[in-house]
Amino acid sequence: MSNENEFLETIRPYSNRLLTSPEDRLNFGSDWTRLPSDPLAIAFPSTASDVCQILKACLQYKVAVVPSGGRTGLCGGAVAGNKELVLNLGRLNAIGAVDGANRSIRVQAGALNENVQQVCSQNQLQWPIDLASKGSCMIGGNLATNAGGLRVIRYGMARRWVSALQIATMGGSLIELNHGLEKNNTGFDLLQLMIGSEGTLAVITEATLKLAPKPKESTVLLCALESLADLMRVLEKCRSAPFEIQAFEFFSQKCLNAVVNKLH
């Protein structure tokens, strides 16, 4: 890119930090896949308006963009391998108050999943998308990847638990989708189009999340089974039992042996 310095100076006023060192580019340009990365730079906007200005500049200078959050994915979706600009949304991390009447909460894309859960828990509510990486993954990434998480068997995927999105387009426009409406049958559902699109259509900057009541109590059962067929029979029995399944997972003997060997 012949005008690389010009581009970087154009976006610098809209980035709280602008990292270009080899170490930073290697760190922020990849995810848990550890696939090779080679981004141009890493920008850290602090507002949705900053995101819009950076995207406008990227369009003007023809620089590809990789939206980035906690980078906990294992599919390579946050890997910047060809001089893209990494747009890290970690500074857009505000969490609003719980709306008890609508059972919802407004959060920015960089809010950590765990922090959102803690705020909701104070009101005996929860955002049901619970992940092992909740201490580092961000809501924007959860929605951009349509995350399922540990309790998907009970609550489904992330797209079921969103009532509004604010998105920034590549042209620099900020658009509100659905405005948190419970009932809306007006034409195409662009909100659902954005969820799971992994930043290919627009960048999610804010979201209104639907909340569910927290379970009053829970019990963990660990069953030793001899085959996958037995596993499916247990699942069938649990689903017809007089209780709700929150999560249902299994691990093999080989996996257990690896864990035991690691811990000892």
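Above this text is the structure in question.
The following paragraphs examine the structure supplied in this document. Counting from 1, residues in each chain are numbered in the order their sequence is written. Per-residue local features are limited, in this predicted model, to residues with pLDDT of at least 70; the limit for side-chain atom pairs, both in listing and counting, is 80 or more; totals at the level of whole chains, interfaces and linings are taken over all residues. Derived side-chain values reflect all non-hydrogen atoms in the structure, with water molecules and hydrogen atoms excluded from consideration.

The next thing to look at is the pairing of strand E8 (residues 162–168). Partly exposed describes any residue whose relative accessible area lies between the buried limit of under 20% and the exposed limit of over 50%, with all areas from a 1.4 Å probe on protein chains only and scaled to the type maximum. The helix and strand labels rest on DSSP assignments: H or I over at least four residues marks a helix, E over at least two residues marks a strand, and numbering proceeds from the N terminus. For E8, the tally of buried residues reaches seven of seven residues, placing the bulk of the element in the interior. Paired strands, in this sense, are two strands between which DSSP finds at least two bridges. Strand direction decides the pairing type here: E8 and strand E10 (residues 203–210), joined by six bridges, are antiparallel. Paired with Gln 166 across the strands is Glu 206, a residue of E10. Both E8 and strand E9 (residues 174–177) contribute to a ladder of four bridges, which runs antiparallel. Considered in E9, the bridge of Ile 167 is made with Ile 175. Linking E8 back to E9 in an antiparallel pair, the connection comprises five residues, with Gly 172 at a positive phi of about 95°.

The next thing to look at is the side chain of Asn 113. Among the secondary structure elements, Asn 113 is positioned in helix H4 (residues 113–121). Throughout this description, a polar contact denotes any pair of N or O atoms lying within 3.5 Å of each other; where both atoms belong to protein, one of them has to be capable of donating a hydrogen while the other can accept it, and for residues adjacent in sequence the pair is counted only when both atoms sit in side chains. A polar contact is formed between the side chain of Asn 113 and the side chain of Asn 142, at a distance of 3.0 Å. Here, two residues are considered to be in contact whenever any of their heavy atoms come within 4.5 Å of each other. Other than its neighbours up to four places away in sequence, Asn 113 contacts Trp 127, Ile 129, Leu 131, Lys 134, Cys 137, Met 138, Ile 139 and Asn 142.

What follows deals with the pattern of salt bridges. For salt bridges, the criterion is a side-chain nitrogen of Lys or Arg within 4 Å of an Asp or Glu carboxyl oxygen. In this structure the tally under the stated criterion is nine salt bridges. Ionic pairing is found between Glu 176 and Arg 106, a salt bridge with its closest N-O pair at 2.9 Å. Taken together, the residues Glu 176 in strand E9 and Arg 106 in strand E6 (residues 104–108) connect sequence positions 70 residues apart. Judged by relative accessible area, Arg 106 falls into the partly exposed class, the value being 24%. When the shortest N-O distance is used, the salt bridge between Asp 130 and Lys 134 registers 3.6 Å. In the salt-bridge network here, residues are joined through shared partners; they are Arg 25, Asp 38 and Lys 83.

In this section: the packing of helix H1 (residues 4–11) against helix H3 (residues 48–61). Fitted lines through C-alpha atoms give the axes, limited to the stretch in contact for helices. The angle between two N-to-C directions lies from 0 to 180 degrees. Where H1 contacts H3, the two axes come as close as 9 Å, and the packing angle between them is 160°. In terms of orientation, H1 and H3 fall into the roughly antiparallel class. The two elements H1 and H3 cross, and the hand of that crossing is right-handed. Facing Glu 6, Phe 7, Thr 10 and Ile 11 of H1, the residues of H3 in contact are Ile 54, Ala 57, Cys 58 and Tyr 61. Each residue belonging to the contact of H1 with H3 can be placed in one class, and the counts come to six nonpolar, one polar and one charged. Angles are sorted into four bins: roughly parallel if under 35 degrees, roughly antiparallel if over 145, roughly perpendicular if 65 to 115, and oblique for all others. The crossing is said to be left-handed when, going from far helix to near helix, the turn is anticlockwise and less than a right angle, and right-handed when the turn is clockwise. Classification used: nonpolar for Ala, Val, Leu, Ile, Met, Phe, Trp, Tyr, Cys and Pro, charged for Asp, Glu, Lys and Arg, polar for all others including Gly.

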